[in-house]
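Listed below are the residues making up each chain.
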Amino acid sequence: MVKYHFETYARMKPLENPENPIGYNIYVEAKVLEIFVPKNESFGHVNNQKEAFQFKFTEILDQDSTQEDVFETVGKALSLSCMDGYNGTIFAYGQTGSGKTYTMSGSDTWQLRGLIPRIFTSIFNEVEQRTNLDYNVYVTFMEIYNECGYDLLDPSHAELPMENWTKIQLYEDLYGNLHLKNLSIHQVRSEQDGIDLLMMGNFIRHVSTTPMNMASSRSHCIFTIAFESRDHESEIIRTSKLHLVDLAGSERISKSHIEGKILEEAKHINLSLTYLEQVIIALHDRQKDTRTHIPYRNSLMTTILRDSLGGNCKTVLIATMNSDANQLEETLSTAKFAKRCSKLVADVSVNEQVDSNLLIQRLRQENAQLKRQLANSSEDSRLTDSPSLTLSDSELCKKQVAMFLANNSQPKLIISTLQQTYRCLQLFKEAILIKEEHYQAEIQQLQDHIQELMQRRIR
Ligand SMILES: Nc1ncnc2c1ncn2[C@@H]1O[C@H](COP(=O)(O)OP(=O)(O)OP(=O)(O)O)[C@@H](O)[C@H]1O
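Along every chain, residues carry numbers that run from 1 in the direction the sequence is written. With the structure being a predicted model, the display of local features is reserved for residues of pLDDT at least 70 and the display and counting of side-chain atom pairs for 80 or more, all residues being used for whole-chain, interface and lining totals.

We now examine the overall build of the protein. Along the protein, the regular secondary structure elements total 11 helices and 19 strands. Using C-beta atoms placed from the backbone, we call a residue buried if 20 or more other C-beta atoms fall within 10 Å of its own, exposed if 12 or fewer do, and partly exposed for counts in between. Here the protein holds 459 residues, and the buried ones make up 32% of them. Note that contacts rest on C-beta atoms placed from the backbone: two residues are in contact if these are within 7 Å. Taking the contacts inside the protein whose residues are at least 6 apart along the sequence as the reference set, 71% of them involve residues at least 24 apart. In DSSP terms, a helix is any run of H or I states spanning at least four residues, a strand is any run of E spanning at least two, and both are numbered starting from the N terminus.

Time to look at helix 6 (residues 260-287). Under the convention used throughout, the expected extent of a helix is 1.5 Å for every residue step, that is, one less than its residue count. Along its 28 residues, helix 6 runs 41 Å from first to last C-alpha, staying within 8% of the 40 Å computed at 1.5 Å per residue. Residues of helix 6 that are buried: Glu265, Ala266, Ile269, Ser272, Leu273, Leu276, Val279, Ile280 and Leu283. One or two steps after helix 6, the chain reaches Asp289, where phi turns positive at roughly 65°.

Moving on: the domain arrangement of the protein. Much of the literature gives interface size as the accessible area that the parts lose upon coming together. Each domain's limits were defined by an automated method or a database of domain assignments. If you check the domain split of the protein, you get domain 1 (2-40 + 50-354) and domain 2 (356-458). Placing a centre on the C-alpha atoms of domain 1 and another on those of domain 2 gives a separation of 50 Å.

What follows is about the pairing of strand 2 (residues 7-13). With 7 of 7 residues buried, strand 2 is to be regarded as a mostly interior element. Judged by which residues are buried, strand 2 turns out to be covered on both faces: Glu7, Tyr9, Arg11 and Lys13 on one side and Thr8, Ala10 and Met12 on the other are all buried. We call two strands paired when DSSP finds no fewer than two bridges between them. Of the strand pairs in this sheet, strand 2 and strand 17 (residues 314-322) are connected by 7 bridges, and their pairing is parallel. By the bridge assignment, Met12 is partnered in strand 17 with Met321. One ladder, built from 3 bridges, connects strand 2 with strand 6 (residues 59-61); its direction is parallel. What sits directly across from Ala10, in strand 6, is Ile60.

In this section: the sheet that holds strand 4 (residues 32-36). Across the sheet, which stays open at both edges, the 3 strands sit in the order 3-4-5 with antiparallel pairing between neighbours. The two strands at the open ends of the sheet, each matched to only one other strand, are strand 3 (23-27) and strand 5 (52-56). On average, each strand axis in the sheet is tilted by 20° relative to the strand beside it, whichever way the strands run. Sheet topology places strand 3 next to strand 4; 5 bridges connect them, and they run antiparallel. Within strand 4, the residue paired with Gly23 across the bridge is Phe36. Each of strand 4 and strand 5 touches helix 8 (residues 328-342); the most contacted strand, strand 5, lies at about 40° to it. In this analysis, axes come from line fits to C-alpha atoms, helices being fitted only over the stretch in contact, and the angle between any two N-to-C directions falls in the range 0 to 180 degrees.

Feature annotation in UniProt assigns "binding site: ATP" (unreviewed entry) to the following positions: Gly94, Gln95, Thr96, Gly97, Ser98, Gly99, Lys100 and Thr101. You can see Gln95 is positioned in the loop between strand 7 (88-94) and helix 2 (100-104). For Gln95, a count of 24 C-beta atoms within 10 Å puts it in the buried group. Every residue in contact with Gln95, bar those within four places of it in the chain, is listed here: Gly249, Ser250, Asn322, Gln327, Glu330 and Thr334. Counting through the fold element by element, Thr96 comes out in the loop between strand 7 and helix 2. UniProt positions are given in the numbering used here, feature names are shortened, and annotations may be inferred rather than shown by experiment.

Another point: the nonpolar core. Generally speaking, nonpolar side chains in soluble globular proteins are found buried as a group. To define a nonpolar core, we join buried Ala, Val, Leu, Ile, Met, Phe, Trp, Tyr and Cys residues through C-beta atoms within 7 Å and take the resulting set. In terms of nonpolar packing, the biggest core is built from 76 residues, with Ala10 and Ala319 touching the most fellow members. If you tally residues by element for this core, the top one is helix 6, at 7 residues. Ala10 has contacts with Leu33, Phe57, Ile60, Leu61, Ala319, Met321 and Ala338, leaving out every residue within four places of it along the chain.

Here Ser105 lies in the loop between helix 2 and helix 3 (115-129). On the basis of neighbour counts, which here come to 24 C-beta atoms within 10 Å, the residue Ser105 falls in the buried class. Counting along the chain gives 10 residues from Ser105 to Leu115, while the straight-line C-alpha distance between them is 6.1 Å.

With that out of the way, let us pick up the confidence of the model for the protein. On average, residues of the protein score 86 in pLDDT, and 89% of them are at 70 or above. What pLDDT reports is the predictor's confidence in each residue, on a scale of 0 through 100. Predicted confidence for residues 383-387 stays below pLDDT 50, and this span has 5 contacts to residues more than four positions away or in other chains. Per the prediction output, this complex has pTM 0.78; the corresponding ipTM is 0.98.

Here it is in structure tokens:
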């Protein structure tokens, strides 16, 4: 278990109207963004209004930063860490039109492709390099639109009106683990497979034209890459998930003069972002021991991403910000949100488990080999005329084998007679049979449990 401090990155969107920039400074060394707020003259002569706000980030990506810079700074190390068995999440958070989708998915050309396609390139290059490991990579892609979850990789959704889309259902098992029903899982074998799935999902994602953005995403999207890896030499499996979250953008309803469907969407978006903020505040309070309950269940997004928020996960926030003076308030509010996130700390560890099927297979092989050795040694012992094992010899063998099996503190067995060898082999055989029975019993228990869960679901 290691302590992980949430990382926060600022990404400044290039100015659309160069005549109207907000005033800001970037202190590169200190990684501080300073935003200036002009004094409100209507306050009169005695005006103590704060004029400069400073925000510290893990790194600041200024207006000139390229898509490759974003990948190198934010995505590369985290995706490699996920390949090592850690969970990871990247949230893109910011006002509508500030560049979240541009950052995560990218724009039309290959050069302008975003973080997700670049992560796939990096993953599959790494799979080629790590020749001692077998990797399986899977993808799911869901959107949360007006508090309902939908599968963006269900091909039938491209032809059906949204009212007929199947909703994702959530249920929790006896151990408190969340399961998502109606969300398809796709195995990905190459960079191109991954990019094709991203494009397919983005094609059917809910997008509308709003005053702030010609193609505004009206939903939160969670693109998840799941890894399963196994070293050729061991029966340990590592599993991990990397969530790449493109949040819908907050919108000042009074300022944008929207109405009808996009107004309803904006209300849902703003509310769920408020719930996200409440979770962040609660997590911070929990760190200070002033609160225990975290209100994850207030929204679907925070329920699903519970583990990414304060759980076993390396979480990163990219705060996308407009540098246009008209958007000053929103930019400040995004920077304040990032500041809250930067204070969070999580305990993270590699997700490892034993592949019981492989272990049993290996134990069977060892068992068969030991049986052969035993048969040979008893042949030999019949041929030789050695005396039978004394009681103290037998105790010595037991002790040595027990220590060997317990923690390898006995790296070598000290054996001087054929009878001792025979006894030690026998003891190993007994130990292996016990282990095999134990694993079979565990597998049986798991199977019973799964069957019980299935029956409950049918009922
Ligand atoms: N860093 C950038 N460099 C160049 N263009 C950008 C940048 N960020 C955003 N844009 C452009 O600005 C427009 C809006 O960006 P985008 O759709 O990514 O915003 P968004 O934050 O996802 O908005 P919404 O929340 O409404 O979906 C797009 O045309 C995009 O290409």
